[in-house]
Amino acid sequence: MSQFRIIAKNFSSSSAVQNAIKNVTIIGGGLMGSGIAQVSAQAGQNVILVDVSSDVLEKAQKSITANLGRVAKKIYKDNPAEGEKFVKDSLAKIKTSTDPVAASKSADLVVEAIVENLGIKHELFKKLDAAAPPHAILASNTSSLSINKIFSVVSRKDKIGGLHFFNPVPVMRLLEVVRGAETSEGTYQTMMAWGKSVGKTCITCKDTPGFVVNRLLVPYIAEAVRLLERGDASARDIDIAMKLGAGYPMGPLELADYVGLDTNKFILDGWHQDYPDQPLFNPIPLLNKLVSEGKLGVKSGEGFYKYEKK
Ligand code: 3HC
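Residues numbered from 1 in each chain as written. Predicted model: local features only at pLDDT ≥ 70, side-chain atom pairs only at ≥ 80, totals over all residues. Heavy atoms only, no water.

### Structural notes on unusual backbone geometry
Here is the rule we go by: Secondary structure is summarised from DSSP: a helix means a run of H or I of at least four residues, a strand means a run of E of at least two, and numbering begins at the N terminus for each.
Pro-168 follows Asn-167 through a cis peptide bond whose omega is 0°. If you trace the backbone, Pro-168 turns up in the loop between strand S6 (160-164) and strand S7 (174-179).

### Overview of the pattern of salt bridges
For side chains of opposite charge, pairing can occur when their charged atoms come near one another. Going by this rule: Salt bridge criterion: a side-chain nitrogen from Lys or Arg within 4 Å of a carboxyl oxygen from Asp or Glu. Partly exposed describes any residue whose relative accessible area lies between the buried limit of under 20% and the exposed limit of over 50%, with all areas from a 1.4 Å probe on protein chains only and scaled to the type maximum.
Considering all chains together, one arrives at 15 salt bridges under this definition. A salt bridge links Arg-156 to Asp-129; the nearest nitrogen and oxygen atoms lie 2.7 Å apart. With a gap of 27 residues between them, Arg-156 in the loop between helix H7 (147-150) and S6 and Asp-129 in helix H6 (residues 118-131) connect regions that are remote in the sequence. Pair check on accessibility: Arg-156 and Asp-129 agree, each one buried. Put simply, Glu-254 and Lys-243 hold a salt bridge, and the shortest N to O gap is 2.9 Å. One end of the pair, Glu-254, is in helix H11 (residues 252-259); the other, Lys-243, is in helix H10 (residues 235-246), and 11 residues separate them in sequence.

### Points about the sheet that holds strand S1 (residues 23-27)
Working definition: the strands of a sheet are paired by backbone hydrogen bonds and lie parallel or antiparallel to each other. Which entries qualify depends on this criterion: Whether two strands pair comes down to DSSP finding at least two bridges between them. Each axis is a line fitted through C-alpha atoms, taken for helices only over the stretch in contact, and angles between the N-to-C directions span 0 to 180 degrees.
Strand order in the open sheet formed by 8 strands is S3-S2-S1-S4-S5-S6-S7-S8, and the pairing between neighbours is mixed. Single-partner strands in this sheet number two, and they are strand S3 (94-97) and strand S8 (201-205). If you compare each strand with its neighbour and ignore which way they point, the axes differ by 25° on average. Where S6 lies against S7, 4 bridges are found, and the strand directions are antiparallel.

### Concerning the pairing of S1
Every other side chain in a regular strand lies on the same face of the sheet, so the side chains alternate between the two faces. Rule in force here: The path from the first strand over the helix to the second decides the hand: if it runs clockwise while the strands point away from the viewer, the crossover is right-handed.
Taking burial as the measure, the 5 residues of S1 include 4 buried ones, the bulk of the element. In the sheet, S1 pairs with strand S2 (residues 46-50) via 5 bridges, with the strands oriented parallel. From the neighbouring strand, Ile-26 faces S2, where its bridge partner is Leu-49. Note on the crossover from S1 through helix H2 (residues 31-42) to S2: the handedness is right-handed. Pairing geometry for S1 and strand S4 (residues 109-112), over 4 bridges, is parallel. Its bridge partner lying in S4, Val-24 is registered against Leu-109.

### Let's talk about the side chain of Ser-90
The condition is simple: We call two residues contacting when some pair of their heavy atoms lies within 4.5 Å.
Assignment of secondary structure puts Ser-90 in helix H4 (residues 80-92). Judged by relative accessible area, which is 3%, Ser-90 ranks as buried. In this structure, Ser-90 is in contact with Ala-41, Gln-42 and Leu-68, ignoring residues within four places of it in sequence.

### Some points on the packing of aromatic side chains
Heads up, the rule is: Pairing of aromatic side chains requires ring centres within 6.5 Å, counting the rings of Phe and Tyr and the six-membered ring of Trp. Pairs whose planes differ by under 30 degrees are stacked, by over 60 edge-to-face, and all others tilted.
The final tally for this structure, using the stated rule, is 6 aromatic pairs. Ring geometry for Tyr-76 and Phe-86: centres 5.7 Å apart, planes at 50°, overall tilted. In this pair, Tyr-76 is assigned in the loop between helix H3 (54-75) and H4 and Phe-86 in helix H4, connecting sequence segments 10 residues apart. Residue Tyr-76 is classed as partly exposed on the basis of its relative accessible area, which comes to 22%. Among the residues examined, Phe-86 registers a relative accessible area of 6% and is labelled buried. Ring plane angle 50° and centroid distance 4.5 Å describe the contact between Phe-125 and Phe-151, whose orientation is recorded as tilted. Remark: Phe-151 occurs in the loop between H7 and S6 and Phe-125 occurs in helix H6; sequence separation between them is 26 residues.

### So, the environment of Val-178
If you trace the backbone, Val-178 turns up in strand S7. Each C-alpha atom of the pair Val-178 and Cys-205 lies 5.4 Å from the other, and the pair is 27 residues apart in sequence. In this structure Val-178 touches Ile-147, Gly-161, Gly-162, Met-191, Cys-205, Lys-206, Asp-207 and Phe-211, once residues within four positions along its chain are discounted.

Here is the structure:
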């Protein structure tokens, strides 16, 4: 409940923020990309949401419509007609495309939220660097890769950065803003102002593995999986413990299922490869087993828990 009050407050104050970004292109129509598209459109920006798959775009539009409805219900609970207008106006701000190059031609900001694969990101950013206007900022929503490595292939090294959102994007109030080694002060300030304009509280972190949140959250989840693997406590009890004993909204294993066990594994494996001497990043047999069985959490219907398929 309280989260929604804050969203409403941030939303209504966003117009006061000086924000140079009017046209935002989001690459990747998954959970994160569609959430970023939603909050940008809610803030009155022109959005193009891009994905190679038109099926993914269709699904994204459906989930954005449903989530805008949830927001409208809270903000305009006494005025349903205004709520409907809010949903309609926000949706009208979002166009979709399957062509990242064409979609970036008039962007002020491009936010990439595609698969966490450095090679694929390099190919994309080479094209976007050539296609986007010279003033445009290129940003990545990466959760675990290095911003400097992602943008090593672009020539506009002063106009790049990390804009790391959290799932579910319309609800989670944080945005991590990450500067690359050559990011200009102007680019950094523009990213901070843009984050505020889409209703987020921005924090800044150096280009380090997992930035702040995932550097703390991923080892915490990993320790919970190890606790379960040793048989020290049941999944249910581990989750209840952290919710009632530490005030977390979800327990670590519920959260692992929510984020996706494949995502957790991918992040841990990447860090283990880069930092083999850090025991917090060691592979976890139980996590690897679940992923190899296709038990990826909420999205696959089973992880540490079972879920009804939607
Ligand atoms: N869009 C709009 N509103 C939404 C929403 C969405 N996608 N999802 C939930 N909501 C709203 C609901 O309408 C509800 O509103 P109300 O309280 O005013 O009635 C409110 O959020 C709470 O939702 P629910 O009642 O459905 O469920 P919960 O109370 O269990 O809350 C939760 C769900 C917000 C997900 C909460 O459990 C939570 O905060 N969990 C922790 C999430 C977290 O840690 N995220 C970060 C993951 S790490 C990450 O993303 C980084 C990446 O790099 C891996």
